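As a plain string of letters, each chain reads:
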Amino acid sequence: MGLVDSPNDRRSSRKGNRQSKRLGFHIDMTPMVDVAFLLLTFFMLTTTFGKPNTMEVNIPPESGEVKIAENNVMTFRIVEDGYAYWSIGDQTPTRISLYDEGRERGAMSLGKELRLMLRQQTALNAKLVIIVKISDRAKYKYLVDLIDEFNLLQIDRFRSLIVNR
């Protein structure tokens, strides 16, 4: 247990001169330090460390060009207002909302319409390569959410570019 030392000597006080008594004491801190180190050791040994979330990125080879047919390329353009335009080959771009109506703020996943379109297009063409062009004024969150959606749908053939206006 803790140890408290205090002096036992009492000084006599004179009649006209009253002095206040000062008691000096010493607290033994050893038990508290022992408990602190036991708690520290316990929490260090029982903590599970989180694994970092990483995404595997496959980069095409540096030497030579990879030739892809125009009808196997989907161009996906993300603009700053929360919408995107997609087209395959030289078709006219179609506007699509990235998120469901009223869900952009705090939404964790993309809209149902966009997800359905991605599923349909990748099911129709197994060689489809998606090129994502994002405006420099668009939120970075749009690109991250889109890449997360690609991973959920197991789409691994895409490339992203930042387009300056």
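These remarks concern the structure in this document. (Residues numbered from 1 in each chain as written. Predicted model: local features only at pLDDT ≥ 70, side-chain atom pairs only at ≥ 80, totals over all residues. Heavy atoms only, no water.)

### Let's talk about the pairing of strand β5 (residues 94–97)
If a strand is regular, its side chains alternate between the two faces of the sheet. As a reminder of what qualifies: Should DSSP find at least two bridges between two strands, the strands are regarded as paired. Secondary structure elements are defined from DSSP: runs of H or I of at least 4 residues count as helices, runs of E of at least 2 residues count as strands, and each element is numbered from the N terminus.
Here strand β4 (residues 83–88) pairs with β5 via 4 bridges, running antiparallel. Following the sheet pairing, Ala84 is matched in β5 by Ile96. Connecting β4 to the antiparallel partner β5 that follows it, the hairpin turn spans 5 residues, and Gly89 within it adopts a positive phi of roughly 65°.

### What to know about a nonpolar patch on the surface
Formally: Candidate patch residues must exceed 30% relative accessible area and have no salt bridge, after which like charges are joined if within 9 Å and Val, Leu, Ile, Met, Phe, Trp or Tyr side chains if within 5 Å. Calculation of accessible area relied on Shrake-Rupley with a 1.4 Å probe; when residues are assessed, cover is drawn exclusively from the protein chains displayed. By definition here, a salt bridge exists when the distance from a side-chain nitrogen of Lys or Arg to a carboxyl oxygen of Asp or Glu is within 4 Å. In this scheme, a residue with accessible area under 20% of its type's maximum is buried, one over 50% is exposed, and one in between is partly exposed, where area comes from a 1.4 Å probe on protein chains only.
A cluster of nonpolar side chains, contributed by Phe25, Ile27, Met29, Met32, Val33, Phe37, Leu40 and Met44, occupies part of the molecular surface with about 850 Å² of accessible area. The topology assignment puts Phe25 in the loop between β1 (4–5) and β2 (26–27). A relative accessible area of 60% means that Phe25 is categorised as exposed.

### Here's the deal with the nonpolar core
This is how it is decided: To define a nonpolar core, start from buried Ala, Val, Leu, Ile, Met, Phe, Trp, Tyr and Cys residues and group those joined through side-chain atoms within 4.5 Å. Whether two residues are in contact is decided by their heavy atoms: any pair within 4.5 Å suffices.
Formed by 24 residues in total, the largest nonpolar core has its most connected members in Met74, Phe76, Ile78, Leu98, Leu114 and Ile130. Of all the elements in the fold, those that place two or more residues in this core are β3 (73–78), β4, α2 (112–124), β6 (129–135) and α3 (140–152). Sorting elements by how many residues they give to this core places α3 first, with 5 residues. If we ignore the near neighbours within four places in the chain, the residues touching Ile78 are Tyr83, Ala84, Leu98, Val132, Lys133, Ile134, Ser135, Ala138, Tyr142, Leu143 and Leu146.

### Topic: α3
Applicable threshold: The span one expects for a helix is its residue count, reduced by one, times 1.5 Å.
When the terminal C-alpha atoms of α3 are compared, their 19 Å separation across 13 residues agrees well with the 18 Å that a helix rising 1.5 Å per residue should span. Of all the residues in α3, the buried ones are Tyr142, Leu143, Asp145, Leu146, Ile147, Glu149 and Phe150. A positive backbone phi angle near 60° is found at Gln154, which sits one or two residues after α3.

### Concerning the pattern of salt bridges
Where charged atoms from two side chains of opposite charge come close, those side chains can pair. For the structure shown, the criterion picks out 3 salt bridges. Glu149 is the partner of Arg115 in a salt bridge, and the nearest nitrogen-oxygen pair spans 2.7 Å. With a gap of 34 residues between them, Arg115 in helix α2 and Glu149 in helix α3 connect regions that are remote in the sequence.

### Quick word on the packing of aromatic side chains
Quick note on the threshold: Ring pairs shown here join Phe, Tyr and Trp side chains whose ring centres sit within 6.5 Å, with only the six-membered ring taken for Trp; geometry is labelled stacked below 30 degrees between planes, edge-to-face above 60, and tilted in between. Lysine and arginine charges are scored as sitting over a ring when NZ or CZ, respectively, is within 6 Å of the ring centre and within 35 degrees of the ring normal.
Here the structure, examined in full by the defined rule, presents 2 aromatic pairs. Judged by centre distance (5.3 Å) and plane angle (70°), the ring pair of Phe42 and Phe43 falls under edge-to-face. Here the aromatic rings of Tyr99 and Tyr142 are separated by 6.0 Å at their centres, their planes lie at 55°, and the arrangement is tilted. Here Tyr99 is found in the loop between β5 and α2, whereas its partner Tyr142 is found in helix α3, with 43 residues between them in sequence. The ring of Tyr83 carries the charged tip of Arg95 above its face, separated from the ring centre by 3.8 Å.

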